[in-house]
Amino acid sequence: MIDSHCHIDMPAFDQDRDAVVARAREAGVASMLIAGGVDAEDGHRRAVRIAEALGLPVSAGIHPHEAKLATEAIYEELKGLARERRIVAVGEIGLDFHYDYSPRAVQREVFRRQVRLAREVGLPLIVHTREADEETASILEEEGAKETGGVIHCFTGGEELARHALALGFYISFSGIVGFPRSETIQAVARTVPEDRLLLETDSPFLAPPPHRGKRNEPAFVVEIARKVAGLRGDTLEAVGAASGRNFERLFRRR
Ligand SMILES: [Zn+2]
Ligand SMILES: [Zn+2]
């Protein structure tokens, strides 16, 4: 199985990053994708450097929280990075109307622009969306995201968003939230998403799944998420884990 989305480039892992990766491998996690954010000092370079050192896949994109920091220089950097061999996706990009850390108009524009950029460089998308189901779906449709494909990461949307995403050829990735109380809608989607469109992720260091809630999350815990999703689907842990690994390879294979 593969953790399709984590942030082990973050300082929370500076003390024990190698041990965290080793624990994941021991737990049966073959690989993990580092979703690279924009660092105030050196853009996306930090995440790429760490991924390179660990031999892991990495993405680069302007997170909706950071949309207000977008500059022409960062777009240029993204275009250049897309040619590097470790970079497998543009993301995470999208809309977050829960926190609204960047003005919504800015979030929309930065999201649209990066979907176009992904089409230009031929990479799939990692989409972050919270409390913005409808607008996320329409922007993906309007900007031609069907051409790039991608994943709705850390899915917290409704069944309508899931339908739109699947129609665009997208994958749906479940995090520890699928096991939280009051996640009935997410659980309903986890039960019905086709096996060949399902991904798993920890979003470490955030969102530790039960029984680790409240602790720092780490990629080894993706096994708990696989267990939860398998239970919902009436499937085995092994089958769900293997499907998530195959799907990951299919989606993020360099074109
Ligand atoms: Zn996210
Ligand atoms: Zn993330």
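Residues numbered from 1 in each chain as written. Chains lettered and ligands numbered in written order. Predicted model: local features only at pLDDT ≥ 70, side-chain atom pairs only at ≥ 80, totals over all residues. Heavy atoms only, no water.

(A) Structural context of unusual backbone geometry. Here the residue pair glycine 91 and glutamate 92 is connected by a cis peptide bond, since its omega of 5° sits within 30 degrees of zero. Secondary-structure assignment places glutamate 92 in strand 4 (residues 87–96). Residue aspartate 100 is not a glycine yet carries a positive backbone phi of 50°. Residue aspartate 100 is classed as partly exposed on the basis of its relative accessible area, which comes to 32%. The phi angle at aspartate 203 is positive, at roughly 60°, despite the residue not being glycine. Along the chain, aspartate 203 turns up in the loop between strand 8 (198–200) and helix 8 (222–233). (Helix = DSSP H or I, 4+ residues; strand = E, 2+ residues; numbered from the N terminus. Buried < 20%, exposed > 50% of the residue type's maximum accessible area, 1.4 Å probe, protein only.)

(B) Region of the structure containing the coordination of the zinc ion (ligand 1). Protein coordination at the zinc ion (ligand 1) comes from Glu92 (OE), His128 (ND1) and His153 (NE2), with a distance range of 2.0 to 2.1 Å. When the donors of the zinc ion (ligand 1) are listed by position in the chain, the intervening gaps give E-x35-H-x24-H. Separation of the zinc ion (ligand 1) from the zinc ion (ligand 2) amounts to 3.4 Å, with glutamate 92 serving as a shared donor to the pair. With histidine 128 in strand 5 (residues 125–130) and histidine 153 in the loop between strand 6 (150–152) and helix 6 (159–167), the pair connects residues that are 25 residues apart, well separated along the chain. A relative accessible area of 11% places histidine 128 in the buried class. Histidine 153 gets classed as buried once you look at its relative accessible area, which sits at 3%. (Donors = N, O, S within 2.8 Å, 3.2 Å for Na, K, Ca; no water.)

(C) Structural view of the pattern of salt bridges. Under the criterion given, the structure shown has 22 salt bridges. Arginine 163 is paired through a salt bridge with glutamate 160; the nearest N and O atoms lie 2.6 Å apart. Remark: glutamate 160 and arginine 163 occur in helix 6; sequence separation between them is 3 residues, near one turn of the helix. The exposure class of glutamate 160 is partly exposed, given its relative accessible area of 45%. The partner of glutamate 195 in a salt bridge is arginine 246, and the shortest N-O contact between them spans 3.8 Å. With glutamate 195 in the loop between helix 7 (184–192) and strand 8 and arginine 246 in helix 9 (residues 237–252), the pair connects residues that are 51 residues apart, well separated along the chain. In this structure arginine 246 comes out as partly exposed when scored by relative accessible area, which is 46%. (Salt bridge = Lys/Arg side-chain N within 4 Å of Asp/Glu carboxyl O.)

(D) Spatial organisation of the coordination of the zinc ion (ligand 2). The zinc ion (ligand 2) binds to the protein through His5 (NE2), His7 (NE2), Glu92 (OE) and Asp203 (OD), with metal-donor distances spanning 2.0 to 2.5 Å. Classification of the site at the zinc ion (ligand 2) rests on its 4 donor atoms, whose angles at the metal span 85 to 176°, yielding the label irregular. For aspartate 203, a relative accessible area of 8% puts it in the buried group. (Tetrahedral: all angles 85-135°; square planar, octahedral: opposite > 155°, others 65-115°.)

(E) Structural context of the layout of surface pockets. Each pocket or cavity is described by its volume, and for the largest pocket that value is around 680 Å³. If you trace the largest pocket, you find 30 residues lining it, with His7, Met10, His63, His65 and Phe206 closest to the centre. Here the element with the most residues in the lining of the largest pocket is strand 5; it accounts for 3 residues. Grouping the amino acids of the lining of the largest pocket by side-chain chemistry returns 11 nonpolar, 11 polar and 8 charged. (1 Å grid on protein atoms, 1.4 Å probe; cavity = no way out; pocket = protein on both sides within 12 Å on 5 of 7 lines; lining within 4 Å. Points joined across faces, edges and corners; volume = space filled by probe spheres on them. Nonpolar A, V, L, I, M, F, W, Y, C, P; charged D, E, K, R; others polar.)

(F) Layout of the pairing of strand 4. Of all the 10 residues making up strand 4, 10 are buried; the element is thus mostly covered by neighbouring parts of the structure. Across 3 bridges, strand 3 (residues 58–60) lies against strand 4 in parallel orientation. Bridged to valine 58 within strand 4 is isoleucine 87. The sheet contact formed by strand 4 and strand 5 spans 6 bridges and is parallel. Bridge pairing in strand 5 links valine 90 to leucine 125. Crossover connection from strand 4 via helix 4 (residues 104–121) to parallel strand 5: handedness right-handed. (Pairing = 2+ DSSP bridges. Right-handed = clockwise from strand over helix to strand, strands pointing away.)

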